[in-house]
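# Topology and contacts: notes
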Amino acid sequence: MTAPAESATTTSMWPISVTPSTNARSDAERTAILADPGFGKHFTDHMVRARWSADGGWQDAEVVPYGPLVLDPATNFLHYGQAIFEGLKAYKHADGSIKTFRALENAGRFARSARRLGMAELPPELFLGSIEALVRTDRDWVPDGPDKSLYLRPFMLGTEVALGVKPSANYDYLLIASPAGAYFPRGVHPVSVWLSDDYVRAAPGGTGEAKCAGNYAASLVAQAEAAQHGCDQVVWLDAVERQWIEEMGGMNLYFVYGSGDSARLVTPRLTGSLLPGITRDSLLTVAVDLGLRVDEGQISVSEWRDGCASGAITEVFACGTAAVITPVGEVKSRNLGSWQVADGGPGVVSMQLRQALLDIQTGAVPDRHNWLHTIC
Ligand SMILES: *Cc1c(COP(=O)(O)O)cnc(C)c1O
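By convention here, each chain's residues receive numbers from 1 onward along its written sequence. Local features in this predicted model are restricted to residues of pLDDT 70 or higher, and side-chain atom pairs are both shown and tallied only at a pLDDT of 80 or more, whereas totals for entire chains, interfaces and linings draw on every residue. In computing side-chain values, all of the structure's heavy atoms are included and hydrogens and water are not.

### Some remarks on the layout of surface pockets
Two kinds of site are reported from a 1 Å grid over the protein atoms alone, namely cavities, where a 1.4 Å probe fits but cannot get out, and pockets, open sets with protein on both sides within 12 Å along at least five of seven lines, and residues are called lining when an atom falls within 4 Å of a point. Grid points are joined across faces, edges and corners, and a volume is the space filled by probe spheres set on the points. Of the voids in this model, the largest pocket is the one considered here, and its volume is about 820 Å³. Numbering of helices and strands runs from the N terminus, with a helix taken as a DSSP run of H or I at least four residues long and a strand as a DSSP run of E at least two residues long. Breaking the lining of the largest pocket down by element, the ones donating at least two residues are strand 8 (149–158), strand 9 (170–180), helix 5 (213–228), strand 11 (233–237), strand 13 (251–257), helix 6 (278–289) and strand 16 (313–320). Of the residues in the lining of the largest pocket, the class split is 17 nonpolar, 14 polar and 5 charged. Residue ranges assigned to the domains are those given by an automatic or database domain assignment. Residues lining the lining of the largest pocket come from more than one domain, with at least three contributed by each of domain 1 (17–182) and domain 2 (191–362). When residues are sorted by character, Ala, Val, Leu, Ile, Met, Phe, Trp, Tyr, Cys and Pro go into the nonpolar class, Asp, Glu, Lys and Arg into the charged class, and all the rest, Gly among them, into the polar class.

Structure representation (structure tokens):
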């Protein structure tokens, strides 16, 4: 069999060559996967790779067949963790077009994460161009159907081969894609959370604002502790006073006070140790669109407990790209005991916001804020 010819793509933003896979999955195999893709289990037939060096800058951007990386054991990131990532989704709309949601925001956050980790910054033109090139190449992998999407995972690694502790002199940028099914296939299900007293996710001056691999590595022991206490997720408190609510696992949090026309939302403000979520930011706007009041503020653990006891806090939810909005139904802690948020079920405001954001992302309502970008 002759290898397919390499071809240049026409991404407007950055020149990216395409080497088609010779062992792409058959239509039947792909259709079977897309019927029940799960999350992060299956990957498309191609990926993007680009390299950075101090003399050449970013070069060799290409779409290549999905496959293993070959790494020297002394590759810098394997030891010192210069590794950052992003997560965003492409949606197939009713007219057959494929669109991303606020991808330029992900490009900006990726560049800020790189800066914090002392890594080379990826130009937004290459970030967006790589998404365009991969999604166009693997467009048949974008599932249709409510709540389904193609999850995109851009990431960057320090690849200098040397054990000296310093910023790497070389970086690899990679982009892979994974079809994603509905996050709650059997209806939205509230989570229970464990307040982490022993462990903190991020401290002032640390890397909490950066989407880096190490933040996740540091969080897993607390997640395991939450599971031991029968909880689905961990909630992080501030590192200094250990009383201000920061985030839930890999998602931001919102608190709803009151109900109906008097409902007011509060999300913890970005202090430098929270990850500035794009879903969090979008909801600040969508809430106002729906006529709700919304503020960024500070919520303490005791306010959460007392607010649930008095009925002042009516709903709590977490938000992020993967699940959009996840209601929080129950809280457990070592020092303050356990309590329910209202009746423990999904709240009206949470579900209304969830639907409103999904409707924008999937094209069910007009894109008033210009958040969508058509890829093909
Ligand atoms: C990615 C992430 C979020 C959510 O960000 P989105 O842009 O909304 O997906 C929140 N917290 C942490 C720690 C994260 O890594």
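Now that the structure has been shown, we can carry on.
### Concerning the site of the ligand
Near, as used in this document, describes a residue that has one of its heavy atoms within 4 Å of the molecule or strand being considered. Residues in close proximity to the ligand total 15 residues, the closest being K211, Y216, E247, T279 and T321. Between an oxygen atom of the ligand and a main-chain N or O atom of I278, the distance comes to 2.8 Å. A molecule is said to be in a cavity or pocket once over half of its atoms fall within 2 Å of that pocket's grid points. According to the grid-proximity analysis, the pocket containing the ligand is the largest pocket. Put simply, the parts of the chain that give the shell around the ligand at least two residues each are strand 13 and helix 6. Split by residue class, the shell around the ligand holds 4 nonpolar, 7 polar and 4 charged. N or O atoms within 3.5 Å of each other form a polar contact, as long as, within protein, one can give a hydrogen and the other can take it, and as long as residues adjacent in sequence are counted only when both atoms are side-chain atoms.

### Let's talk about helix 4 (residues 124–137)
A rise of 1.5 Å per residue sets the reference length of helix 4, with its 14 residues, at 20 Å; its end C-alpha atoms lie 20 Å apart and thus fit the reference within 8%. Those residues of helix 4 that fall on the buried side of the exposure criterion are L126, F127, G129, S130, I131, E132, A133, L134 and V135. Expected helix span is given by 1.5 Å per residue-to-residue step, counting one fewer step than there are residues. Each residue's exposure class comes from its accessible area (1.4 Å probe, protein chains only) as a fraction of the maximum for that residue type: buried when under 20%, exposed when over 50%, partly exposed otherwise.

### Quick look at the nonpolar core
Counting 39 residues, the largest nonpolar core has W58, L152 and M156 as its most contacted members. Mapped by element, the contributors of at least two residues to this core are helix 1 (27–35), strand 3 (46–53), strand 4 (57–65), strand 6 (88–92), helix 3 (103–116), helix 4, strand 8 and strand 9. In this description, a nonpolar core means a group of buried Ala, Val, Leu, Ile, Met, Phe, Trp, Tyr and Cys residues linked to one another through side-chain atoms lying within 4.5 Å.

### Quick look at the domain arrangement of the protein
For the protein, the assigned domains are domain 1 (17–182) and domain 2 (191–362). One C-alpha centre belongs to domain 1, the other to domain 2; they are set 28 Å apart. For this analysis, residues touch if any pair of their heavy atoms sits within 4.5 Å. Every contact between the two is made by 20 residues of domain 1 and, on the other side, 22 residues of domain 2. For any pair of parts, buried area is found by adding up, for both, the accessible area (1.4 Å probe) each one loses once the two are put together. Both faces considered, domain 1 and domain 2 share a buried interface measuring about 1900 Å² in area, 60% of it formed by carbon and sulfur atoms. Any Lys or Arg side-chain nitrogen located within 4 Å of an Asp or Glu carboxyl oxygen qualifies as a salt bridge. Between domain 1 and domain 2 we count 1 salt bridge in total. The closest approach of N and O atoms between R102 and D281, which form a salt bridge, is 3.0 Å. At the junction of domain 1 and domain 2, the tally comes to 12 residue pairs in polar contact (both at pLDDT 80 or more). Where the side of domain 1 that touches domain 2 is concerned, the elements lending two or more residues are strand 5 (83–85), strand 6 and helix 3.

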